[in-house]
Amino acid sequence: MVDHSMQSSPRKSRRWLFGLLVLLVIAGLCWKFWPGGAAHKDAPAGHTGKTGMARPGFGGSTGPVPVRVAPAVLGEFPVYYKALGTVTALNTINVRSRVGGELMKIAFEEGQMVKAGDLLAEIDPRSYQNALLQAQGTLLQNQAQLKNAQVDVERYRGLYAQDSIAKQTLDTAEALVLQYQGTVKTNQGAVDDAKLNLEFTKIRAPISGRVGLRQLDVGNLVAANDTTALAVITQTQPISVAFTLPENTLETVLARYHAGNKLPVEAWDRGDTKKQAVGVLQSLDNQIDVTTGTLKFKARFDNKDQALFPNQFVNVHLLADTLHNVVLAPSAAIQFGNTGTFVYKLDGDNKVKVQPLVLGDTDGDNTVIKEGLVAGDRVVLEGTDRLKDGSEIEVVNDSSEVPTTPTEHLQGKPAAKGETGADAGKAQKVGS
């Protein structure tokens, strides 16, 4: 008996090999006769298409590198020192009662702005009114006795002139007058003290500022100079911001401060994205903190819009100096190599060369160039990863050909909405 399964297996294998060979032949013919195939075959390595241009980013490229360039400019460069600051009230008052009694009235709203002398609260005044009446009554009694003693003295003086009484009687009458005069002064002091206590039952704001949350309610018994304050008032107009600067940045600041210059100080929010207030440097500490190597400063702000609150954390920008007529280049163009910092400077219209630099201050967007560039030199901003000294380039975007304001030249982009030219060109020099 013949096994047909064994005979059919070689036939199937031959059919499968024949089919694969046919597919390979068809694929070869498609590759040879496909449109543009000959061009790809004959084109030099690293080139594509009819132009012969190398595809960007592939090895063997011999064509010009597309780049974006920007000019170095001459301008002013504000040097800012940055620091973390804490908003502090010029005055903080814990309002306490100077007399004891029941709290009868609260005349302020929590968070309200008050002026010096405004009524805040009132203590039950009746006991102090009674004390005043008693003091006034005692004063009247002693004033009457004084007047009677003065009349006696005048009478005794006449009798003594007529030699009708002894000298001792006159002296005793005069001493009695002095005694009553002292008593009357004591009584007058008691009356004034009673009036003062009665006035203290009306608790008034000692300064202008914002009242915090109240600590006591109507009906509570209040003791004189109680540890619990009725309210806390903070003076917020003007207001101060305390901050520190490292000692290696003090030379410029102290020189301008002692010369009488008003150094501008800006307070920015915690994220350092929004300017909240502008003030001036007001004062400085008398010694450097040896543990941190910093010196404390205070800046004062008018705070008319109440943007700053006591104990708020802010970012301080202190304008320490302004550099005039310096060469500025975009920071994005500056490269760092084994030999130092450099830029790819345009050498003509289609070539670049490596230009070493000596850098000054920077704000992140722009950098002061001390040596290496002059105003008008064009440097490469984008496309530097494929450049070397003498490389051919193709300028696809030249910001020096677009009419811009000086601030736009400095930034390489328009100022943000609500941002002035000075804000857009802010510089930073942090010594910490």
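Quick caveat, the model's predicted, so the values are computed rather than measured.

Turning to the pattern of salt bridges, a few remarks are in order. A complete count under the given rule lists 11 salt bridges for this structure. With a closest N to O distance of 2.9 Å, D152 and R155 form a salt bridge. Of this pair, D152 and R155 are both found in helix α3 (residues 126-161), three residues apart, which corresponds to roughly one turn of the helix. Among the residues examined, R155 registers a relative accessible area of 46% and is labelled partly exposed.

Here we take up the side chain of Q235. Assignment of secondary structure puts Q235 in the loop between β10 (231-234) and β11 (239-246). At 2.5 Å, the side chain of Q235 forms a polar contact with the side chain of N91. Beyond its immediate chain neighbours, meaning those up to four positions away, Q235 contacts A89, L90, N91, I207, S208 and G209.

So, about the sheet that holds strand β6 (residues 119-123). Spatial strand order, β7-β6-β4-β9: four strands in an open sheet with antiparallel pairing. Both edges of this open sheet fall to β7 (202-204) and β9 (221-222), since each of them pairs with a single strand only. The pairing of strand β4 (residues 101-106) with β6 spans three bridges and is antiparallel. What sits directly across from I106, in β6, is A121.

We now examine the sheet that holds strand β8 (residues 209-211). Strand order across the open sheet formed by four strands is β3-β10-β8-β5, with antiparallel pairing between neighbours. Looking along the sheet, the strands with just one partner apiece sit at the ends: β3 (92-95) and β5 (113-114). Pairing of β8 with β10 involves two bridges; the strand directions are antiparallel. Following the sheet pairing, V211 is matched in β10 by I233.

A separate point is the packing of aromatic side chains. Within the structure shown, the criterion is met by two aromatic pairs. Ring geometry for F243 against F297: centres 5.7 Å apart, planes inclined by 15°, an arrangement best described as stacked. Within this pair, whereas F243 is found in strand β11, its partner F297 is found in strand β14 (residues 294-301), the two being separated by 54 residues in sequence. In this structure, F243 and F297 share a single accessibility class: buried.

To continue, consider the packing of α3 against helix α4 (residues 167-200). One way to put it is that α3 packs onto α4 with a least axis distance of 8 Å and a crossing angle of 160°. Viewed along their axes, α3 and α4 adopt a mutual orientation that is roughly antiparallel. Of the two possible hands of crossing, α3 and α4 adopt the one that is left-handed. Residues belonging to the contact of α3 with α4 are distributed by class as follows: 20 nonpolar, 13 polar and four charged.

About the thresholds
- Residues numbered from 1 in each chain as written.
- Predicted model: local features only at pLDDT ≥ 70, side-chain atom pairs only at ≥ 80, totals over all residues.
- Heavy atoms only, no water.
- Salt bridge = Lys/Arg side-chain N within 4 Å of Asp/Glu carboxyl O.
- Helix = DSSP H or I, 4+ residues; strand = E, 2+ residues; numbered from the N terminus.
- Buried < 20%, exposed > 50% of the residue type's maximum accessible area, 1.4 Å probe, protein only.
- Polar contact = N/O pair within 3.5 Å; in protein donor to acceptor, adjacent residues only side chain to side chain.
- Contact = heavy atoms within 4.5 Å.
- Pairing = 2+ DSSP bridges.
- Phe/Tyr/Trp six-rings, centres within 6.5 Å; stacked < 30°, edge-to-face > 60°.
- Axes fitted to C-alpha atoms, helices over the stretch in contact; angles between N-to-C directions.
- Parallel < 35°, antiparallel > 145°, perpendicular 65-115°, else oblique.
- Left-handed = near helix turned anticlockwise from the far one by under 90°.
- Nonpolar A, V, L, I, M, F, W, Y, C, P; charged D, E, K, R; others polar.

Everything listed here is a matter of coordinates, which is why it stays silent on function.
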